[in-house]
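Remarks on the overall topology
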Amino acid sequence: MGRKKSEKIILPPELPPEIPDDEVEVSDEDLQFVQHNRQYALGFSRLDTQSITKHVTRVADAKEDALEALYEKRLKKKALQKEKEESGVQIDPVDALPVKTLDGKLYYRTLTKTSTLSELGDEEAGSTEKGMVRLTKPERRAKLKKQRKEAKKLGKELEKVEEVQQTPQAAVLAEVKEDLTAEEAFESKKQKLAELGMALLANPEPNIKLLKEMLQISKDNDHAISKLGVLSMLAVFKDIIPGYRIRLPTEKELEMKVSKDVKKMRFYESTLLSAYKAYLQWLIMLEKKPSFQHVAVRCICALLDAVPHFNFQESLLGVIVRNIGSSDDVIRKLCCATAKSLFTNEGKHGGEATVQTVRMIADHVKAHNCQLHPDSIEVFLSLSFDEDLRRQEKAANEDNRVKNKKNKKRKNLEEPSQMPGSDKKKSRKELMTKMREEVAADYKAASFTPDVTERRVMQTQTLSAVFETYFRILKHTMQSTSVSQEEIADSDSGASGSHPLLSPCLKGLGKFSHLIDLDFMGDLMIYLRKLAAGSGNSGNCSQKNSKYLTVSERLQCCIIAFRVMRSNLDALNVDLHEFFVQLYNIMLEYSPGRDRGEVFAEALKLMLCEDRQHDMQKAAGFVKRLATFSLCFGSAESMAALVTLKHLLQKNIKCRNLLENDAGGGSVSGIIAKFQPYALDPNLSGALASVLWELNLLSKHYHPTVSTMASNILSMSSAQNQVHLSIVSPQQAFMDLSLERESFKPQNESMKLNNKRKKGSGASKSASIEPIPDTSSIDEDEVRKKLSTHFNLLRDIKENERLRSELDRTTLYLQLYEQHKKQKKKGKTKTKKSEVLTA
C-alpha cells in the first residue's frame, strides 16, 4: 500500500469586524423594508450569534492544539503583512533617480500602494509628497457614514430654502393638486369596489378572498367610501349566502381524507363565514356611531330580512331589538318592519327566529320597566298561531303508532324464516336504516320545515313569552295607578307618559284572548276591573285617579273583558255588572277632542248592542244617559249614541214608556219612584220615572241625519211587539259622520227662524248655523280675556248711553230757560219756574 497523504487542515474564513451600535446608520429604505416585512425582521432578531460563531470556527477531525497553532501562524502572517504595508515603499517609475538635498542626503520619491477605494474621489486616492496610508474596512465605513450624514444635512437645508422661497401661487397649486388627488382616489376606490363586487357576483367560489379586500376598503377614513363599501358588501352577501346554515368541520372530520371538491367547498364556506363575521362586527361597531347609525341599521335589517336562517342570527336580532323602541322614527320603523316580516314569513327560518325575537323583546321590556315606545310590542299583533297543531300532532302520533305495529308484525314474521348465517345481512340493513334516518334528519334541518311536535313546542314558547309581557305591563300599570294622591297631582300630564305600552297590550289581549289559559282568566279579569275603575282598589271609580288613566284606556279595559268572556263563554262564569257601571260613569267624563270616539263606539256596540237581554232598569238607565250624552257632543258621537239608544228601545219594549210618560213615574217606574241623574249605578238611577225630552231637542239638530234619527225614535210606540233591530252599528254610524264632519255644510232650509218669536223683526229669514266647533284645543285664559273685553265694552256702551241722556236733558233745560228769559223781557207771558223744570 502506498503512503497515506496527510490531509491539509483548512481554517474557516475570518469573521467580519464588529461595529458598535452607535456607528450603525439605518437608512429610510431599510426602515420601510422592515416595516413591510416584519416577519423576516423578527426571524433575524431571534438568531443566536454565539452558536453560529462556534459553528463557523469549528473544524472537523482536528485537534485543539493543532488548531491553536494554525491560528497563531495566521495572526503572525497578518502582522508581518501589516508592517510591510506600513514600511514598504514603491519607487516612482517617472522619477527613478534620487534627489540630493542641501544636507547631502539622497531622497527617493516614493508612492504608497494604491488604495482600492480610489474610485471614491481624489481625497481617498490622491497622492501626497510623503504618500497615503491604505484605509481599513471600519475606517472606510465610518467615512462613508460621515459623507451620507453631510449629504442629508445639505438636502434638508435645500428643502428648507425651497420652502421659504415658495410663493402664495405655489401654495394654491399644491392645494389644487391635493384636491385632484383626493377626487382621483375617491373615484379609483369606487371603481375598485365595483370591480370586486362584479367579480364576486359573477363567480363567487374562486373569488371568495376578495371579500376581505372589500371589507378593508369599507374601513376607509372617508365616510362616503365607507358607506359605499358597507352597502356593496350587503348586496354581495345577499346574493352569495347559501340557503343553509354553515357548520364548520370538527377536528376529527378535518383529519379524515376527503376529495378535492370537498376541500374546495370547506375552504369556500370557512372563508365566507369568517368574512361575514368580520362584516357583522364592523356593522355593529358602526351602529354605535351617530353618522353611520342609519346605514348600519338598514344593512342589518336587510340581512335579517333576506337571510334569517344563516349564522350569527342572534347578533342581528340583538341590534334590532335594542333599536325597536328608538326615539329616531326611521330606525324604529325599520326595526319594527323587520320584526313583522320575521313573524309573517316563518318559512324562511322555520319559526326559530320568531321565538328568539319574542323572547328578546320580552326581556327588553322587562329591562326598561315597561317604559318604551308603543311600537316595540305592537309588533306582536303580526304573530299568527295555528290552532290545529294539537289535532295534527294527535293524528301524526296515531299514524306512527300504526306504522310501528306493522313493522313489529313484519319483524315477527321474518325472524323464524331467517337462517342463523344471515347476521351480516341483518347488520347491513341496520346500518342502511341508520344512514337513511341521519340523511332525513339533515334534510329536515336544511329545509327549515320542522315537524308538528317542534312547531307546537315553538308556538307554546312564543305564546308564553307574549302573555308574560302583557301581564307584566298590566301589573306595572296597576302599580302606577296605586300611587299616593300627591304623586298623581305632580304627574297631571296624563297616562300616556307613565304607561305607554298599555294600549297595544290591551289590543294584543283582545286579539289572542281565545288562546289564554283558563288558569289566568281570573287574575286577568281582576286586573281589567281595577283598571277600568281607574284606581288600584276594586271599588267604585276614584276621583283622585280618574285623571291618571284616560277614558279611552278605561273603555278598552271594558272591551277586552267582554271579548275574553265571549271567547271563553263555556268555561267562565263571571259577573260583568261592574263593567256596565264603569261604562255608565265614563260617559260623563268623555271629551270629543281628548278621547277616541271610535273606542267609545266600539264599547257601545260590544257591551250594549251585541250583549244578551238587559235588565229593564239597567236598559232604561243607559237609554236616559245616552239621550243626555247626545245633547252634549258632536254629530258623530250623537249619532252613535242614538243608534245604540234605538237598539235598546227595540229590544226592551217596556222602556218605550219613556217616550210617553208625561206625568213622571207610574206603574212601570219600579222601586225607585224618582229619577236620580247622578246615581253611579244604572239600576239605581230610576230612569223609568223620567221622560226622554232630549229627543225633542235632537229632532231640531243642525245635522239632518241626527234630526232624522231622533224623529224616528220619537215615532216608536209601546204597542209594537215586533222587534226590528237596526242594521247600522254605532261604529259604522260614527265613522260615516266623522268623515262627513269636515265637508258638511248645513242647509238653510233646515234651520228657519220662528215667525211667532220674531214678529217685530220683519220677515222671517233663514239662518245659517255653523257646525259645533271642536272645543278640545280652546285656551281657557284666552276665552276669559275675550269675555272680559266683551263685557267691558258692553258696560262702556251703557255708560255712554246714560251720559248722553243726561246731556240731552241738560241741553233741553238750558234751551227752555233761555226761551223763558226772552219772553219775560217782552212781557208777553208769565211762566213759572216749576213749569220750565217740568218741561
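It should be noted that the structure appears before, not after, this text.
Residues numbered from 1 in each chain as written. Predicted model: local features only at pLDDT ≥ 70, side-chain atom pairs only at ≥ 80, totals over all residues. Heavy atoms only, no water.

Let us look at the nonpolar core. In this structure, Leu-211, Phe-237, Tyr-279, Leu-303, Phe-380, Leu-509 and Phe-579 are the most contacted members of the largest nonpolar core, which totals 143 residues. When sequence neighbours within four positions are dropped, the list of residues in contact with Leu-303 reads Leu-234, Phe-237, Lys-238, Tyr-276, Tyr-279, Leu-280, Leu-283, Pro-308 and Leu-316. (Core = buried A, V, L, I, M, F, W, Y, C linked by side-chain atoms within 4.5 Å. Buried < 20%, exposed > 50% of the residue type's maximum accessible area, 1.4 Å probe, protein only. Contact = heavy atoms within 4.5 Å.)

Before going further, it helps to spend a moment on the packing of helix α8 (residues 210–218) against helix α11 (residues 260–287). Put simply, α8 and α11 touch, their axes get as near as 10 Å, and they point 10 degrees apart. Accordingly, the angle class assigned to the pair α8 and α11 is roughly parallel. Considering the relative orientation of α8 and α11, their crossing is left-handed. Across the interface between the two elements, Leu-211, Leu-215 and Ser-218 of α8 pack against Leu-272, Ala-275, Ala-278, Tyr-279 and Trp-282 of α11. Tallied by class, the residues present in the contact of α8 with α11 amount to seven nonpolar, one polar and no charged. (Axes fitted to C-alpha atoms, helices over the stretch in contact; angles between N-to-C directions. Helix = DSSP H or I, 4+ residues; strand = E, 2+ residues; numbered from the N terminus. Parallel < 35°, antiparallel > 145°, perpendicular 65-115°, else oblique. Left-handed = near helix turned anticlockwise from the far one by under 90°. Nonpolar A, V, L, I, M, F, W, Y, C, P; charged D, E, K, R; others polar.)

For helix α22 (residues 521–533), built from 13 residues, the straight-helix expectation of 18 Å at 1.5 Å per residue is met to within 8% by its first-to-last C-alpha distance of 18 Å. Of all the residues in α22, the buried ones are Met-521, Leu-524, Met-525, Leu-528, Arg-529, Leu-531, Ala-532 and Ala-533. Just downstream of α22, Gly-534 is the residue with a positive phi angle, here 80 degrees. (Expected span 1.5 Å × (residues − 1).)

A word on the packing of aromatic side chains. The geometry of an aromatic ring pair is captured by two quantities: the separation of the ring centres and the angle between the planes. For the coordinates displayed, the defined rule picks out 16 aromatic pairs. Judged by centre distance (5.3 Å) and plane angle (85 degrees), the ring pair of Phe-562 and Phe-580 falls under edge-to-face. In this pair, Phe-562 sits in helix α23 (residues 551–567) while Phe-580 sits in helix α24 (residues 577–589), placing the two residues 18 residues apart along the sequence. On the basis of relative accessible area, Phe-580 is assigned to the buried category, the value being 4%. The rings of Phe-237, Tyr-276, Tyr-279, Phe-310 and Phe-312 are connected pair by pair, giving a single aromatic cluster. The ring centre of Phe-292 lies 5.8 Å from the NZ or CZ of Lys-227, which sits over that ring. A cation over an aromatic ring shows up here: Lys-618 above the ring of Phe-580, its NZ or CZ 3.9 Å from the ring centre. (Phe/Tyr/Trp six-rings, centres within 6.5 Å; stacked < 30°, edge-to-face > 60°. Lys NZ or Arg CZ within 6 Å of the ring centre and 35° of its normal.)

Moving on: the environment of Met-709. Within the secondary structure, Met-709 is located in helix α29 (residues 704–714). On the accessibility criterion, Met-709 (14% relative accessible area) is buried. Along the backbone, Met-709 and Leu-642 are 67 residues apart, and their C-alpha atoms lie at a distance of 7.1 Å. The residues touching Met-709, leaving out its near neighbours within four places in the chain, are Met-639, Leu-642, Val-643 and Lys-646.

So, on to the packing of helix α26 (residues 616–632) against helix α27 (residues 635–651). Put simply, α26 and α27 touch, their axes get as near as 9 Å, and they point 155 degrees apart. Here α27 runs roughly antiparallel to α26, going by the angle between their axes. Pair α26 / α27 crosses with left-handed handedness. Across the interface between the two elements, Ala-619, Phe-622, Val-623, Leu-626, Ala-627, Phe-629 and Ser-630 from α26 touch Glu-637, Ser-638, Ala-641, Leu-642, Thr-644, Leu-645, Leu-648 and Leu-649 from α27.

Limitation: the analysis is restricted to geometry and does not speak to function.
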